[in-house]
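As a plain string of letters, each chain reads:
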Amino acid sequence: MTARPSWNPSQNHSDSRVRAVLGPTNTGKTHLAIERMCAHSSGMMGFPLRLLAREVYDRVRAIKGDAQVALITGEERIEPENARYFCCTMEAMNRTGGNHAFVAIDEAQIGADPERGHIFTDRLINARGREETMILGSATLEPIVKQLIPHAELVERPRFSTLTHAGQTKLSRLPPRSAIVAFSVEQVYAMAEMLRRFRGGAAVVMGALSPQTRNKQVELFQNGDVDYIVATDAIGMGLNLDLHHVAFAALSKFDGRRKRRLTPAEMAQIAGRAGRHQTDGSFGTLAGGGTRNGASLEFAEEEIYAIEEHQFAPLTKLFWREAEPRFDSISTLIGDLESKPQSDVLTAAPRAIDLAVLKRLAEDDLGRTVRGSGQVRRFWEACCLPDFRQIGPDNHARFVARLWQDMADGYIGADFAAARIAELDRTQGDIDTLQGRIAAIRSWAYICQRPDWVLARDEMAARARAVEAKLSDALHGRLTERFVNRRTTILMKSLGQDADALPVTLEPDGQMCVEGEPIGRLDGFRFVVDPNATVADRKMLLAAGEKALPTILTQRANWLLAEGLGELELSRGAIRWQDRTLAEITFSANSGPEDFAAPRLILARDISALPEAPRTALEAGLTQWLTSQLEPLEPLRKLAEAARDPEAGSQARALLHILIDARGVVTREKAGLEHLPKEMRPFLRKLGVTFGALDIFAAPLLKPAPRQLLHALGVDKRPLNPSMLPVIPEAKGLPAGYRPAGTQAIRVDLAEKIFRAAFDARGKAQEKAGKQRNLKFALDLALPISIGLEEDNARRLLSAAGFRVQRARSLAEGAFGPPAPDSWTWRPKRAGDDNPRRRRPNAKGKGAGTNNKREDGKHKSAKHGKGGKGSPQGRPQGKPQNRSKKPDTGPAKASGAFDALADLLR
């Protein structure tokens with residue numbers, strides 16, 4: 001008998017409508033395919049896992065309705081009569097696409113898998129949609145797609161988020177929303193048990209679990225009931241999780257033939273689960289793991305680069321097997337299945353378990369009884385039963401042999417199938433026992449789905465699915481009980497009824513543990529019971545923590561005073577540590593100004609559990625630390641001392657109170673200068689008070705340190721510019737120490753510098769012009785521009801001080817030479833100039849005032865042209881601008897040095 005010729009890619013039909021969407025994980029390829037399928041009149045999608053097929057089925061059903069969407073897998077078949085959209089596992093998918101308008105093949109790179117690759121390769125070559133075909137997979141598939149489907153459109157999609165290497169991490173220091181990947185059941189259970197002890201629990205995902213159990217475990221993680229998940233490499237395919245970090249507990253696995261290191265592409269498939277959508281993710285290894293020779297578990301530099309940059313060696317071969325063999329005889333069938341393809345990019349698939357079972361049974365007496373193409377086809381379909389129990393070819397062949405004997409001459413009886421299903425309908429036993437039953441019932445669910453194997457197929461299939469769901473729920477309960485909710489035997493024995501005997505320890509991350517089992521944590525000096533504790537355990541855990549608190553808090557207080565003072569911060573009028581208040585700060589105004597240098601602390605309730613001696617030491621240490629932190633406010637303390645000095649005079653003390661109340665800066669209009677004799681100004685200047693053209697301020701208090709400190713103490717609640725920059729953009733709330741200048745704001749001491757330079761320029765011009773009225777003079781704006789003001793904003797700032805600019809005319813047409821400079825004039829501000837209702841422009845565009853008297857604080861240079869560098873300080877003052885003089889009631893009463901400041905602090 002001649003051998004059947006193997007497939008040749010030149011035989012493939014038209015591929016002009018094929019689009020290959022390739023890229024790493026988290027690129028939205030599957031989401032794009034779902035959108036495209038729903039846009040067509042019909043469609044079919046093939047997936048690598050029943051779990052993923054079910055997830056997409058639910059999404060499409062929500063869009064198109066139950067009656068139009070079908071789910072077809074080896075163990076489950078939901079097919080409405082008028083279904084137009086089909087979600088299938090790759091083995092259950094129609095190999096040509098079923099004549100649907102749209103066809104998609106997900107994770108097509110699995111064609112390189114020795115066990116299942118030939119199925120994916122066959123669908124890649126043959127499954128086509130009438131209107132559109134979409135191939136989804138890794139970028140490593142690109143060269144093979146170009147050779148097998150030359151006219152396919154290639155689309156590359158970048159990853160939505162960044163994936164970065166985070167190095168090694170201890171199990172106890174894993175960040176929340178992390179996954180640990182192991183490659184054996186024993187290691188998965190060990191990691192989950194340790195996470196339960198350190199972090200209160202973990203979800204478990206393994207390939208041996210049923211899809212229902214995996215879904216429930218994933219839901220446990222997604223809902224936030226646990227912050228960690230332990231999984232095998234099954235997590236790398238078909239699971240969309242809200243993960244931030246993936247930690248590898250091993251970098252090698254047994255692939256069925258040998259133990260080998262994962263390839264970079266396999267590492268990336270798993271690590272890519274971290275960082276979904278726009279959230280960045282990280283990957284690394286678990287500290288403590290390693291090889292037998294003692295080498296630590298680490299990624300190689302080239303592996304890290306490949307994973308982060310999504311650069312992998314392209315696939316060179318896909319596994320292929322004849323998808324339509326001849327059934328003339330078993331030997332002919334085996335010959336076709338072992339035939340080789342006539343293509344450089346395809347290679348014969350290794351012996352999969354279905355072919356291994358066929359060849360074993362063909363050598364037995366059972367195989368010799370199979371005659372005729374119908375029997376051979378039926379026998380081959382029996383050999384294709386998946387090995388859900390993972391028992392190997394020999395044991396699985398014996399199961400298939402018994403199955404064949406039951407159905408060789410017809411159907412399996414409904415009573416026989418029902419009895420086998422009923423035997424598995426038991427939820428007793430441990431995790432391993434339930435896993436074995438689930439594997440067995442999945443085999444029967446597959447058998448009952450076959451159209452010609454079991455009588456009463458629909459009823460038996462429904463029974464099998466119900467038992468699988470029941471066992472899956474029981475297994476989920478066992479996993480949750482073991483790895484999430486149950487307290488370990490050690491903890492329960494240690495707790496008992498005697499909380500005094502508990503060996504409580506404090507971990508570096510703040511966890512309080514009893515023999516490694518967390519009972520709560522310390523947030524600052526406050527004990528918080530473990531939130532995962534049951535209601536019955538909470539009282540014992542709280543008692544255990546409170547009994548151990550005095551000793552543990554004493555240790556924490558000693559460490560804080562010796563090493564942790566650098567972690568303290570002043571915020572909202574309190575000393576805070578680890579986002580918790582240690583002490584509120586108050587200032588007494590009754591004992592004298594020295595109280596400001598030694599403020600009083602009110603310790604938080606959290607510290608009340610400290611014994612008296614360490615509590616007193618902590619209070620003294622915090623007070624000493626606070627005293628050193630308050631040194632930048634020394635200028636304010638000196639002002640307060642002077643405000644209590646009787647020899648300063650009531651008028652000067654009143655101004656000092658106003659200045660303290662304004663936190664070091666006050667405008668001249670609000671300073672009450674009409675009550676201050678000019679003889680007192682030298683006294684105030686010695687204290688650091690500057691009498692500016694527009695503002696009265698204490699220049700030392702305009703530095704960043706005192707401004708930040710006043711804001712942190714809650715004394716100054718105005719907006720803060722932490723660096724006290726010279727010029728800042730105009731903001732909705734003007735920061736303390738600034739005055740507006742058009743679209744910018746300038747620090748008041750620099751504004752005063754600009755005003756002084758302007759008055760100096762006017763004074764020099766006055767000396768040359770004599771007693772000329774309405775003197776015009778030139779003013780260089782280089783200084784304000786060098787400080788950072790824009791030219792227009794510099795003019796607006798000078799305008800606030802009474803300077804008016806008259807722009808020079810531009811050169812006539814055809815004239816040459818330098819442009820004429822702008823000319824400036826100055827007039828003192830009049831009462832009501834700050835009131836917009838009183839300002840009315842006259843015919844010449846100048847402001848019209850109602851009072852021509854000079855204001856208090858007019859510079860001497862405006863009249864005499866000399867003295868004091870143009871500053872208003874130290875010059876004779878004009879009469880106050882009061883139309884109806886009010887009776888002088890004297891300066892504000894000052895009952896103490898810190899009355900105004902203490903009121904603000906309170």
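Position numbers for residues count from 1 along each chain, tracking the sequence in the order it is written. Per-residue local features are limited, in this predicted model, to residues with pLDDT of at least 70; the limit for side-chain atom pairs, both in listing and counting, is 80 or more; totals at the level of whole chains, interfaces and linings are taken over all residues. Values reported for side chains reflect all heavy atoms of the structure, with hydrogen atoms and water molecules removed beforehand.

A. Representation of the sheet that holds strand β24 (residues 574–577) in the model. In short, DSSP must find at least two bridges between two strands for them to pair. What counts as a helix is a DSSP run of H or I of at least four residues, what counts as a strand is a run of E of at least two, and both are numbered from the N terminus. What the four strands build is an open sheet, ordered β23-β24-β25-β26; its pairing is antiparallel. Looking at which strands have only one partner, the edges of the open sheet turn out to be β23 (569–571) and β26 (600–603). Each neighbouring strand pair of the sheet contributes to a mean axis angle of 35 degrees, computed without reference to strand direction. The sheet contact formed by strand β25 (residues 580–586) and β26 spans four bridges and is antiparallel. Across the sheet, residue isoleucine 585 finds its bridge partner in β26, namely leucine 601. Throughout, an axis means a line fitted to C-alpha atoms (over the contacting stretch in the case of helices), and angles, computed between N-to-C directions, take values from 0 to 180 degrees.

B. Broad picture of helix α1 (residues 29–38). Residues of α1 that are buried include every one of Lys29, Leu32, Ala33, Ile34, Met37 and Cys38, and no others. In this structure, the buried residues of α1 make contact with β1 (18–22), β2 (43–47), α2 (50–64), β5 (85–89), β6 (102–105) and β7 (132–137). Only protein chains enter the calculation, and the probe is 1.4 Å; a residue is then buried if its accessible area is under 20% of its type maximum, exposed if over 50%, and partly exposed in between. Here, residues are in contact when the closest pair of their heavy atoms is within 4.5 Å.

C. Quick look at the environment of aspartate 233. Here aspartate 233 shows up in the loop between β12 (228–231) and β13 (245–248). The class for aspartate 233 is partly exposed, based on a relative accessible area of 30%. Taking the C-alpha atoms as reference points, aspartate 233 and alanine 271, separated by 38 residues in sequence, lie 9.9 Å from one another. Discounting chain neighbours no more than four positions away, the residues touching aspartate 233 are Val181, Ala182, Phe183, Lys253 and Ile270. A 3.5 Å cut-off defines polar contacts: any pair of N or O atoms within that distance qualifies, except that in protein one atom must be a possible hydrogen donor and the other a possible acceptor, and neighbouring residues in sequence count only when both atoms are side-chain atoms. In this structure the side chain of aspartate 233 is engaged in a polar contact, spanning 3.0 Å, whose partner is the side chain of lysine 253.

D. Focus on the nonpolar core. For this analysis, a nonpolar core means a set of buried residues of the types Ala, Val, Leu, Ile, Met, Phe, Trp, Tyr and Cys, connected via side-chain atoms within 4.5 Å. Of all hydrophobic cores here, the largest spans 72 residues; its most connected members are Ile180, Leu358 and Ile447. With eleven residues, the top contributor of residues to this core is helix α15 (residues 431–449). Aside from chain neighbours lying at most four places away, what touches leucine 358 is Ile330, Leu333, Ile334, Leu337, Phe379, Trp380 and Cys383. In this structure, Phe527, Ala583, Leu639 and Val689 belong to the second largest nonpolar core, which totals 59 residues.

E. How the structure looks around the sheet that holds β1. In spatial order, the strands read β4-β3-β5-β2-β6-β7-β1-β8; together these eight strands make up an open sheet with mixed pairing. Strands at the two margins of the open sheet, each flanked by one partner only, are β4 (77–78) and β8 (153–156). In the sheet, β6 pairs with β7 via four bridges, with the strands oriented parallel. The residue bridging phenylalanine 102 from the neighbouring strand is glutamate 132, located in β7. With respect to the sheet, α1 is in contact with β1, β2, β5, β6 and β7, its orientation differing from that of β7 by roughly 165 degrees.

F. Representation of the packing of aromatic side chains. Two rings from Phe, Tyr or Trp (for Trp, the six-membered ring) form a pair when their centres are within 6.5 Å of each other. A pair whose planes differ by under 30 degrees is stacked, one over 60 is edge-to-face, and the rest are tilted. Applying the stated criterion across every chain, the model contains eleven aromatic pairs. Ring centres of phenylalanine 283 and phenylalanine 299 lie 5.3 Å apart, and the angle between their planes is 85 degrees; on these two criteria the pair is classed as edge-to-face. In this pair, phenylalanine 283 sits in strand β16 (residues 281–286) while phenylalanine 299 sits in the loop between β16 and α8 (301–309), placing the two residues 16 residues apart along the sequence. Residue phenylalanine 283 shares its accessibility class with phenylalanine 299, and that shared class is buried. One aromatic cluster is present, formed by Phe759, Phe777, Phe803 and Trp826 through successive ring pairs. The ring of phenylalanine 221 carries arginine 177 above its face, with NZ or CZ at 3.9 Å from the centroid. Charge-over-ring placement is defined geometrically: NZ (Lys) or CZ (Arg) within 6 Å of the ring centre, and within 35 degrees of the ring normal. Directly above the ring of phenylalanine 416 sits arginine 420, whose terminal nitrogen or CZ lies 4.5 Å from the centroid.

G. Structural view of the side chain of arginine 123. Note on placement: arginine 123 falls in helix α3 (residues 117–126). What makes arginine 123 buried here is its relative accessible area of 7%. There is a polar contact of 2.7 Å between the side chain of arginine 123 and the side chain of aspartate 122.

H. Region of the structure containing the environment of phenylalanine 388. Here phenylalanine 388 lies in the loop between α12 (372–383) and α13 (392–407). With near-sequence residues (within four places) excluded, phenylalanine 388 lies in contact with Glu75, Ala439, Arg442, Ser443 and Tyr446.

I. Structural view of the packing of helix α10 (residues 353–362) against α12. Axis separation between α10 and α12 bottoms out at 8 Å; the angle between their running directions is 125 degrees. With respect to each other, α10 and α12 are oriented oblique. Of the two elements, α10 crosses α12, and the hand of that crossing is right-handed. Listed contacts from α12 to Asp354, Leu355, Val357, Leu358 and Leu361 of α10 are Phe379, Trp380 and Cys383. In this classification, the charged set is Asp, Glu, Lys and Arg, the nonpolar set is Ala, Val, Leu, Ile, Met, Phe, Trp, Tyr, Cys and Pro, and all remaining amino acids, among them Gly, are polar. Taken together, the residues of the contact of α10 with α12 sort by class into seven nonpolar, no polar and one charged. Should an angle lie under 35 degrees it is considered roughly parallel, over 145 roughly antiparallel, and from 65 to 115 roughly perpendicular; all remaining angles are considered oblique. In a left-handed crossing the near helix is turned counterclockwise from the far helix by less than a right angle, and in a right-handed crossing that turn is clockwise.

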